[in-house]
Every structure is written in C-alpha cells, then in structure tokens.
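Structural description and commentary
Below are the chains, spelled out letter by letter.
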Amino acid sequence: MLLIRRGWSSSGARWRGEVAERVKGKPRSGRLTNSSSTSKALPIKAVGESQLQFNYYAQNCPKAEDIIKQQVINLYNKHGNTAVSWVRNLFHDCIVKSCDASLLLKKAGGIESEQASERSFGMRNFRYVDTIKEALEEECPVTVSCADIVALSAREGIVMLGGPRIEMKTGRRDSKESYFTEVDKLIPNHNDSLSTVLSAFQSTGIDVEGTVALLGAHSVGRVHCVNLVHRLYPTVDPSLNPEYGEYLKRRCPTPNPDPKAVLYARNDPETPMIIDNNYYKNLLNQKGLLIVDQQLASDPRTAPFVEKMAADNGYFHQQFSRAVGLLSENNPLTEDQGEIRKDCRYANSNTNNVY
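Rules of the game
Residues numbered from 1 in each chain as written. Predicted model: local features only at pLDDT ≥ 70, side-chain atom pairs only at ≥ 80, totals over all residues. Heavy atoms only, no water. Disulfide = S-S within 2.5 Å. Helix = DSSP H or I, 4+ residues; strand = E, 2+ residues; numbered from the N terminus. Buried < 20%, exposed > 50% of the residue type's maximum accessible area, 1.4 Å probe, protein only. Expected span 1.5 Å × (residues − 1). Core = buried A, V, L, I, M, F, W, Y, C linked by side-chain atoms within 4.5 Å. Contact = heavy atoms within 4.5 Å. Salt bridge = Lys/Arg side-chain N within 4 Å of Asp/Glu carboxyl O. Lys, Arg positive; Asp, Glu negative; His and termini not counted. Polar contact = N/O pair within 3.5 Å; in protein donor to acceptor, adjacent residues only side chain to side chain. pLDDT = per-residue confidence, 0-100. Phe/Tyr/Trp six-rings, centres within 6.5 Å; stacked < 30°, edge-to-face > 60°. Lys NZ or Arg CZ within 6 Å of the ring centre and 35° of its normal.

What the rule picks out here adds up to four disulfides. At a sulfur-sulfur separation of 2.1 Å, the disulfide partner of Cys 146 is Cys 344. Between Cys 146 and Cys 344, the S-S torsion sits near -95 degrees, and that sign places the bridge as left-handed. Taken together, the residues Cys 146 in helix H5 (residues 146–160) and Cys 344 in the loop between helix H13 (313–328) and helix H14 (348–354) connect sequence positions 198 residues apart. Comparing Cys 146 with Cys 344, the two get one shared label, buried. When the bonded cysteines of the protein chain are counted from the start of the sequence, the pairing works out to 1-4, 2-3, 5-8, 6-7.

This is how it looks when you write it as structure tokens:
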C-alpha cells in the first residue's frame, strides 16, 4: 500500500513554496499549521528490544543526519516528487522482512531486485538515493548505512510534505540479499481487503490505530488508472461520492488504460502534497480512492479512528509519527549483521563486478 506517487498540478510550485516556508517556520497558510505537532519532534515507542539508538553516528560521522537533511531539501527544491518517494521507500523496504535497504539492490550477482516486482509499480527516484550516499561517502566513507538513508530521508521527506518531524533511531545495517520472492506476499496489493492490510501491519507491530494513521500517507498519494477502472466501468461503484466518481472518470477516461501512460488520480485533490487529515475528511464524504481507503470509514474496527483523525489534525500527526517510528524499527540488522554498502545499489561482494 502507501501508494504515494507524486504528480504535479499547475499549482505544484505553489505547494512546494508553502511547505518550504513552513519548514523555515514562516507558514503562509493555516492549513499547514493546524497542529502543534508539525513544529515539535514527537518521540516514538521502540519495538521489542531494538538495538537501534538515537544519534548513532554522533562519534564516527557527526554530520550524517544534517547531510541527509540538506540533501533531501536540495533534491526537493529540484524535484519535488522525491519527498513522496522517500516515504514510499520506507514502507516498501521495512514491511518486507526488515528495514535493511534490500529494496535498493539492483539485479547483480544472482540477486533479483525487489524493484522488479509488480508491487513496486510506479516507484521512482532511486537514483537520488545515490546522490545522498555520495555526499555521505565524501564526509565519512563506508560509515552510514543505506538502510539509515532510507529511514532518515523518509523522516525529512515527511517534514517537506508538511507532516510532523519524527525522532528516529539509527544504527541499521544493510542486507546482502534481496527478498524479491517475498515482496508480493508481504506488501498488500492496491485493492486487498482491509483485514489483509491490518494483518500485514500487525505483523510489524503496528496496531489498528497506527495502521489507520499510516494509511494517511495516501494524502499525498496517487494511483494509476489501471488500478482504478474496476471501480468506474462499466458503472461507477455506488459507494463512491458521485462528484468524486466523475472526477475519477475524467482522470481515467477509458476502461483499458495503458499501464505506461501517465494516467492517474489523486486521493486528495485539494491538498495533494501535504500530509494532513484532509484524507480522512474525504473518506467520510465517500471519496476514498481505493477500496481499502473507503473501508476504513465503514469498518467498525477503524471508523472511530477515521472520525477522530478527520476532526483533529494534531491527533493524526501524533499517531502517524508513532506508526512511522514503529515501521522504521521493524526487525533491523544491527552490530555484526549485514554490512555497510559502499554503493546502495549493490552488495559489497558485487561492487567489483559492476564497475
């Protein structure tokens, strides 16, 4: 899930400017500051006996987190969609076995890339992870893991998207292998049932309340028409708000869209690049893009949380912070497990074979 695929409307530059000013503490719009949680880091609760720690690089690479932050800002100013990519990367990496940057591995030396899975459809901007890694390697060679880059870039990306700043532990190490064969089993599909989605997140230690909050990342999401037309043709799904259904048909004008074409629709057309509670307000108005989105508002297990988050952006941001923190600590490799990759695209054993 977490189908946060970015695309700009004609107002894209305006959204980017508003968020940039919010980050600097000079908000232009009340929409971005309706919660104190957007300006104060929220602590997260650790999962199990995680050996991750705050400020892991304080001694051996003290500028690491600042370098990642600055690179995320620089890339956002050039390519605004990167912020959304960082958030989606965290989900796709951490829900598949471990937060270990296995997602970033390219096909080489017998490794099949997770990026080739159908579940990775629409993912992009992996090349900019290399930009961040290069900046870190210049400062502290073979010190900062790609897994920590995935986690910390997501944290900074959330801030750039108007969300809360999340305190996040570091010390993850990188996988030497891909889990390509596991991806389809562990990442929910676009239109899986709510029970399937809740079960998937529960396996990582995230409860129902946290799952509802984590799906709020769909606030900055878009979905390709290939995964929507079954709700529109031959007739519009009656559970959809008629006005929203017409919007979707304008975005997806044919029942047989080309998967390679730029044909998509947004979950939140009103604040498309802001992680806010407008997503939940839309759900209460029958404007859920995916079936699972709409089920959040009707299922008795999740509906009370949807209503509360729709009414209180601060509560949403608090629970979103907690859920992202839990996800980022899912079964990490630490100490002598895994490795610190020299190049995020390849296990160290394959590096000599690709250069």
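Taking 1.5 Å as the rise per residue, H5 with 15 residues should run 21 Å; its terminal C-alpha atoms sit 21 Å apart, in good agreement. Taking burial as the measure, the 15 residues of H5 include 15 buried ones, the bulk of the element. One or two steps after H5, the chain reaches Gly 162, where phi turns positive at roughly 80 degrees.

Looking now at the nonpolar core. If you look at the biggest cluster of nonpolar residues, it comprises 90 residues, and the most contacted ones within it are Tyr 280 and Phe 320. At nine residues, the largest contribution of residues to this core is made by H5. Setting aside residues up to four positions removed in sequence, Phe 320 forms contacts with Ile 158, Pro 164, Ala 213, Leu 214, Ala 217 and Ile 275.

Here we take up the environment of Leu 232. Mapped onto the secondary structure, Leu 232 falls in the loop between strand S1 (222–224) and helix H9 (242–251). Filtering out sequence-adjacent residues up to four positions away, Leu 232 remains in contact with Leu 240, Gly 245, Leu 248, Lys 249 and Cys 252.

Another aspect to go through is the pattern of salt bridges. Applying the stated criterion to the full structure yields 13 salt bridges. Close ionic contact of Arg 345 with Asp 130 constitutes a salt bridge, the shortest N to O distance being 3.7 Å. Of this pair, Arg 345 sits in the loop between H13 and H14 while Asp 130 is found in helix H4 (residues 127–139), placing the two residues 215 residues apart along the sequence. Between Arg 165 and Glu 156 there is a salt bridge whose closest N-O contact spans 2.9 Å. For Glu 156, a relative accessible area of 4% gives the class buried. Linked through salt bridges whose partners overlap, the residues forming this network are Glu 65, Arg 155, Glu 156 and Arg 165.

Working note: non-glycine residues mostly have negative phi, and peptide bonds are mostly trans. With omega at 0 degrees, the peptide bond leading from Tyr 233 into Pro 234 counts as cis. With a phi angle near 60 degrees, Ala 101 is a residue other than glycine that sits in the positive phi range. The backbone of Glu 335 shows a phi angle near 55 degrees, a positive value even though the residue is not glycine. Relative to the helices and strands, Glu 335 resides in the loop between H13 and H14.

Following the sequence through the fold, Arg 222 ends up in strand S1. There is no salt bridge for the buried Arg 222, and the closest opposite charge comes from Asp 258, which lies 14 Å off by N-O distance. Looking at Arg 222, its side chain comes within polar contact range of the side chain of Tyr 264, at 3.4 Å.

Moving on: the confidence of the model for the protein chain. Residues at a pLDDT of 70 or more form 85% of the protein chain, whose mean pLDDT is 86. Under a pLDDT of 50 for its full length, residues 3–49 has, in the predicted model, 122 contacts with residues more than four places off or in other chains.

Secondary-structure assignment places Thr 170 in the loop between H5 and helix H6 (180–186). Here Tyr 56 takes part through its backbone nitrogen, which lies 3.3 Å from a polar atom of the side chain of Thr 170. Sequence-distant contacts of Thr 170, that is, excluding residues within four places in its chain, are made with Leu 52, Gln 53, Asn 55, Tyr 56, Tyr 57, Glu 65, Asp 148 and Leu 152.

Take the packing of aromatic side chains next. The final tally for this structure, using the stated rule, is six aromatic pairs. Between the aromatic rings of Tyr 244 and Tyr 247, the centroid separation amounts to 5.6 Å while the plane-to-plane angle is 25 degrees, which identifies the pairing as stacked. Within this pair, Tyr 244 and its partner Tyr 247 are both found in helix H9, separated by three residues, close to a single helical turn. Neither Tyr 244 nor Tyr 247 differs from the other in exposure class; each is buried. On the basis of an interplanar angle of 65 degrees and a centroid distance of 5.1 Å, the ring pair of Tyr 280 and Phe 316 is categorised as edge-to-face. Remark: Phe 316 occurs in helix H13 and Tyr 280 occurs in helix H10 (residues 278–284); sequence separation between them is 36 residues. Ring-pair connections join several aromatic residues into one group, and the members of that group are Tyr 279, Tyr 280, Phe 316 and Phe 320. Over the aromatic face of Tyr 264 sits the side chain of Arg 251, whose NZ or CZ is 5.0 Å from the ring centroid. Between Lys 308 and the ring centre of Tyr 315, over which it is positioned, the NZ or CZ distance is 4.4 Å.

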